[in-house]
Amino acid sequence: MPNLAFDTAHLLAGGLVLISFMLLYQDRLTSLLNVYALHALVLALSVAWQAHLQNAPHLYVTAGLALGFKAIIIPVALRRIIERLGIHREIETVVGIGPTMLAGMALVGLSMVVMLRVTAAATPIARQDLAFALAVVLLGLLMMVTRRNAVSQVVGFMSLENGLNLAATGARGMPLVVEISVAFSILIAFIVIGIFLFRIRERFDTVDIGALDQARGEHR
Amino acid sequence: MTLVILLVCVAALLVASILGVAMARFRAGSLIVYSMSLAVCTVALVLALVQLLRNAAAPTLVLPLALPWLGAHFRIDALSAFFLVVVNLGAAAASLYALGYGAHEQAPHRVLPFYPAFLAGLNLVVIADDAFSFLLCWEFMSLMSWALVMAHHRDANNRRAGYIYLVMASFGTFALMLAFGLLAGPAGSYTFEVMRTGQHGPLIAALILTLALFGAGSKAGLVPLHVWLPLAHPAAPSHVSALMSGVMTKVAVYAFIRIVLDLLGAPSWWSSMVILALAGITTVAGVLYALMQHDLKRLLAYHTVENIGIVFIGVGLAIGFQTNAMPTAAALALTAALFHVFNHSLFKSLLFFGAGAVLNATGERDMEHLGGLIHRMPYVAFTFLIGCAAISALPPLNGFVSEWLTFQAILLSPTVGEWGLKMLVPGVGAVLALSAALAAACFVKAYGVTFLGRPRTPLATRAKEADRFSLSAMFLLAALCVLAGIFPGFVIDALAPVSQALIGSRMPVQATDPWLSIIPIAASRSSYDALLVFVFIGLASFLTAMAIHRFASHAFRRSAAWDCGTPDPSPSTQYSATSFAQPIRRVYGALAFQAREQVEMPPPGDPRPAVLRVSLRDLVWDWFYAPIEGAVAATAGRLNQFQFLTIRKYLSLVFGLLIILLLVLAIWL
């Protein structure tokens, strides 16, 4: 089975893109968090597979971090937050789900076209890894742009970061120190955003960021 | 060795600047700072003169300062040595003048720290030998002079002048930075030595020339980049005005000559046309603006614009002749330009000193409030008269020689090949002749209204003669004006190494010509003997005076008392600066300034006086700066909306830009 390595990597990275699409069409916060946990799990698997392929033991640590922080701690914490806030039903989109999905497909196409052309000299695994990673990053950005709810924006941001991780492990580049520091900065960003969520809620009775804009005295 | 001593001089100036900070509150502070500046500049002047006259190999030095991998390169070649002479002569004279003048300064703590630092900056720009040091020193010089312009910052006009100056100076430095970047090329070596060897395509060369014109021209005062100059120069204390007008504009000329004639390599023929056209416009616009002024220092500042135009005419001609393989003519034109640089630094400093003495004695810069000062300030009046005669290009003074040499170069133009130049240069000659005549009219006005007639206000009646230091500085410069006018051959010979280095040719040796005459090209063509003219003028006036005294009638006559042409006893009925300028305003003003005169006659029975209103508009502001200002304001107004977007819209902007860039990448590849 000479192509098993490539096919498995392909499957996991492609699965990540697919789960990004799943994130796009969730309309409840609890299910969104479940899908995000799945996203992080697939990322951890993908990184672990890369560690196996590249014989790079430190990537197992990365995979462990992804599994621990992103697949377990953060979703659980976010779930507790939304339970305390009592907002597990609301997801307010700016654009309808359908157009968002279409835009997401266009973005995946774009990232394939760009990345496969740019990285013509790299190994096949790195090429498809980078292309899928760019797609995940763009889908994460799309999610941040098309959601009004702060929690779903946080989830979009986290999935974007997962895309970055995928790219970094595929390119055989990122040292462990950088990886750990990135993981910690994500955690801190998460904590800060969580605290802000409570503060926003206390002040405005909602986590719709439109309320923030009205508080700044601006008109949309 | 020369270079080391010179750098020590610069260091001494910086020390004086620190002393200025510490001593500014004490009375002795200005004495110490200015006498130190005087001593240091005199040493530097002697060094530079020796270097220029000895024509030795250019000393170079690399200091491990500035950027670590680059270092600071210094070098004194003939061009640098000449400009060092100009800088330090002006600086020494200004320091001597300031020994007296500075004692009256109300805010010495805002002048003393910056003055020696400004002098140091002027010196450093001229000896810098790599682009980084050059730009650093250039900006240092600009900032120090800006600080001096802002010395009397409580006046709102001065603040505005400082602001406009700062904007124009930053713009100029920016243009110079781009010019040096292009000169360095993709290899990016910033020493002038390497830049000299670079080859540039026609497009790059054109860009470099344009940027140099913007960069150096904004500092020198080429129209339409001159707007800051008549605002900022008068705002500074008078000895600093003299330095800015007489010396700093020359440093800008140095930068232009260095870039275009030295670093750029072979110029293209059209570049001389651009320079000549701009210089012609600058010359005539400068003098016309000057004529309309009645603020003495502002008038002088506008005249600097005119003289810079004359210098640039010489430089443009030199480039034009050089591209036509006429090295002798090019050497003549360049020597004329440099000679005018030297002359202008002498008489413009002298005139600003005079204006400063008047300002100090009366507290007035407005000529309409002065008058009759010749009785109260005879020495100042005498030296100011010499300065006026020199700047009006009257023989036998120095201004005549350099403008005459420029005309000699213009007269050689029929032999150039390009028709464009052939058509343009006579036009420039006509403009030069016109502006010389207008300059004479302007200084008749300035001198006549300020020093002659009767005092127009009580302030002018209480004026006192200037102190001895100021007077000695003014007499020194006046004597140099006369000497350089009578013995121009020596100056021309001293300038020979400069044109030899830049053009590869020089004017014929003048010192050996009979009777100290100067012969620019050939004796059969033209020659000028300043000594002869001087002796003739002296003899003729002496003999005329003798004859009048000898043969005048001693018989008694009875007639009405002579009323000096002003039958009304009120001083306000005298010829004023505005009335002097009226004919010229009527001839040129309607076109050049959109001058409008309006007479308001009160109805019969109304005791109010009739009023004549004159409105002048500066077309450069209207046509050049107002559109730019409008465009900037409109763009800023549009962009202002981006300050108030929602978080999601900011994210969308970033997202959209990312997608567009990726699309460009996808299509491009």
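Calculation rules
Every chain is numbered on its own, with residues counted from 1 as its sequence reads. Chain letters start at A and ligand numbers start at 1, both assigned in the order the entries are written. Where local features are concerned, this predicted model is filtered to residues with pLDDT of at least 70; where side-chain atom pairs are given and counted, the filter is 80 or more; whole-chain, interface and lining totals use all residues. Hydrogens and water are ignored here; the side-chain numbers use all heavy atoms of the structure. By definition, residues are in contact when any of their heavy atoms lie within 4.5 Å. Note: buried area is the sum, over both parts, of the accessible area (probe 1.4 Å) each one loses when the two are combined. Two N or O atoms form a polar contact when they lie within 3.5 Å of each other; inside protein one atom must be a possible hydrogen donor and the other a possible acceptor, and for residues adjacent in sequence the pair counts only when both atoms belong to side chains. Going along the chain from the N terminus, every DSSP run of H or I of four or more residues is numbered as a helix, and every run of E of two or more is numbered as a strand. Following the grouping adopted for this structure description, the nonpolar residues are Ala, Val, Leu, Ile, Met, Phe, Trp, Tyr, Cys and Pro, the charged ones are Asp, Glu, Lys and Arg, and the polar ones are all others, Gly among them. Residue exposure (1.4 Å probe, protein chains only): buried if accessible area is under 20% of the type maximum, exposed if over 50%, otherwise partly exposed. Fitted lines through C-alpha atoms serve as axes, helices being fitted only where they are in contact, and the angles separating the N-to-C directions of these axes extend from 0 to 180 degrees. By definition in this entry, angles of less than 35 degrees are roughly parallel, angles greater than 145 are roughly antiparallel, angles of 65 to 115 are roughly perpendicular, and the rest are oblique. Handedness of a crossing is defined here by the sense of rotation of the near helix relative to the far one, left-handed for an anticlockwise turn of less than a right angle and right-handed for a clockwise turn. To pair, rings of Phe, Tyr and Trp, with the six-membered ring standing in for Trp, must have centres within 6.5 Å; the planes then decide the type, stacked if under 30 degrees apart, edge-to-face if over 60, and tilted in the middle. Both a distance and an angle decide whether a charge sits over a ring: NZ of Lys or CZ of Arg must be within 6 Å of the ring centre and within 35 degrees of the ring normal. In this charge count, Lys and Arg are treated as positive and Asp and Glu as negative; neither His nor the chain ends contribute. The salt bridge definition used is simple: a Lys or Arg side-chain nitrogen within 4 Å of an Asp or Glu carboxyl oxygen. Surface patches are drawn from residues lacking salt bridges whose relative accessible area is over 30%; two like charges belong together within 9 Å, two nonpolar side chains (Val, Leu, Ile, Met, Phe, Trp, Tyr) within 5 Å. The Shrake-Rupley method, run with a 1.4 Å probe, gives the accessible areas here. Residue values count only the displayed protein chains as cover. For a helix, the expected span equals 1.5 Å multiplied by the residue count minus one.

### Some details on the interface of chain A and chain B
Tallying the contact residues gives 22 residues for chain A and 17 residues for chain B. Of the roughly 1700 Å² buried between chain A and chain B, counting both surfaces, carbon and sulfur atoms make up 76%. Per-residue buried area on chain A facing chain B is highest for Leu110, Arg117 and Val145 of chain A; these three make up 28% of the total on that side. Viewed at the interface, chain B and chain A are joined by one residue pair in polar contact (both at pLDDT 80 or more). Of all the elements in the fold, those that place two or more residues in the side of chain A that touches chain B are α4 (97–118), α5 (124–146) and α8 (210–215) of chain A. Its residues placed into classes, the side of chain A that touches chain B shows 14 nonpolar, one polar and seven charged.

### Observations regarding the environment of His375 of chain B
Residues and elements named next belong to chain B. Mapped onto the secondary structure, His375 falls in helix α14 (residues 373–376). What makes His375 exposed here is its relative accessible area of 62%. Between the alpha carbons of His375 and Asn324 there is a distance of 55 Å; along the sequence they are 51 residues apart.

### Here's the deal with the packing of α5 of chain A against helix α24 (residues 647–668) of chain B
Contact pair α5 of chain A / α24 of chain B: the axes reach a minimum separation of 9 Å and the direction vectors enclose 150 degrees. With respect to α24 of chain B, the element α5 of chain A is oriented roughly antiparallel. Crossing handedness for the pair α5 of chain A and α24 of chain B: left-handed. Note on element contacts: α24 of chain B touches α5 of chain A through Arg648, Leu651, Ser652, Phe655, Leu658, Ile659 and Leu662 of chain B, opposite Leu134, Leu138, Leu141, Leu142, Met144 and Val145 of chain A. Counted by class, the contact of α5 of chain A with α24 of chain B contains eleven nonpolar, one polar and one charged residues.

### A look at the packing of helix α11 (residues 269–292) of chain B against helix α22 (residues 577–592) of chain B
All names here are of chain B. Two numbers describe how α11 lies on α22: the axes approach to 10 Å, and their chain directions differ by 130 degrees. When the axes of α11 and α22 are compared, the pair comes out oblique. Two packed elements cross with a definite hand, and for α11 against α22 that hand is left-handed. Counting all contacts with α11, which are made through Leu288, Leu291 and Met292, the residues of α22 involved are Ala581, Ile584, Arg585, Tyr588 and Ala592. Split by residue class, the contact of α11 with α22 holds seven nonpolar, no polar and one charged.

### A few points about the packing of aromatic side chains
Residues and elements named next belong to chain B. Summed over all chains, the structure comprises 24 aromatic pairs over all chains. Every member of this aromatic cluster is reached through a ring pair, and the members are Phe134, Trp138, Phe180 and Phe192. Across from the ring centre of Trp419, 4.4 Å away, lies the NZ or CZ of Lys422, which sits over that ring.

### A closer look at the side chain of Glu368 of chain B
Residue and element names in this part refer to chain B. Examined against the element boundaries, Glu368 turns out to sit in the loop between α13 (327–362) and α14. The buried charged residue Glu368 lacks any salt bridge, with Arg456 as its nearest oppositely charged partner at 4.8 Å. A polar contact of 2.5 Å, which involves the side chain of Glu368, links it to the side chain of Thr578. Among residues more than four places away in sequence, those in contact with Glu368 are His294, Arg456, Ser576, Ala577 and Thr578.

### With respect to a nonpolar patch on the surface
All names here are of chain A. A grouping of Leu38, Leu41, Leu45, Leu67, Ile72, Ile73 and Val76 is seen on the molecular surface, where their side chains present a nonpolar patch of about 570 Å² in accessible area. Residue contributions to the nonpolar patch peak at four residues, all from helix α3 (residues 57–85). Classification of Ile72 by relative accessible area gives partly exposed; the value is 48%.

### Details of unusual backbone geometry
Residues and elements named next belong to chain B. Of the consecutive residues Val223 and Pro224, the connecting peptide bond is found in the cis state with omega at 5 degrees. Mapped onto the elements of the fold, Pro224 is located in the loop between α8 (202–220) and α9 (229–235). The amide bond that connects Pro395 to the next residue, Pro396, takes the cis arrangement and shows omega of 5 degrees. The residue Pro396 is located in the loop between α15 (378–391) and α16 (398–411) in this model. Of note in the backbone geometry, Ala325 takes a positive phi value of approximately 55 degrees without being a glycine. Mapping Ala325 onto the fold places it in the loop between α12 (296–323) and α13. Despite not being glycine, Ala393 has its phi angle at roughly 60 degrees, a positive value. Mapped onto the elements of the fold, Ala393 is located in the loop between α15 and α16.

### Some thoughts on α13 of chain B
With 36 residues, α13 of chain B should reach 52 Å at 1.5 Å per residue; the first-to-last C-alpha distance of 51 Å fits that figure. The buried fraction of α13 of chain B is high, at 31 of 36 residues.

### As for the environment of Gly90 of chain B
Residue and element names in this part refer to chain B. Relative to the assigned elements, Gly90 resides in helix α3 (residues 78–101). For Gly90, a relative accessible area of 6% corresponds to the buried category. Along the backbone, Gly90 and His226 are 136 residues apart, and their C-alpha atoms lie at a distance of 22 Å. With near-sequence residues (within four places) excluded, Gly90 lies in contact with Leu243 and Val247.

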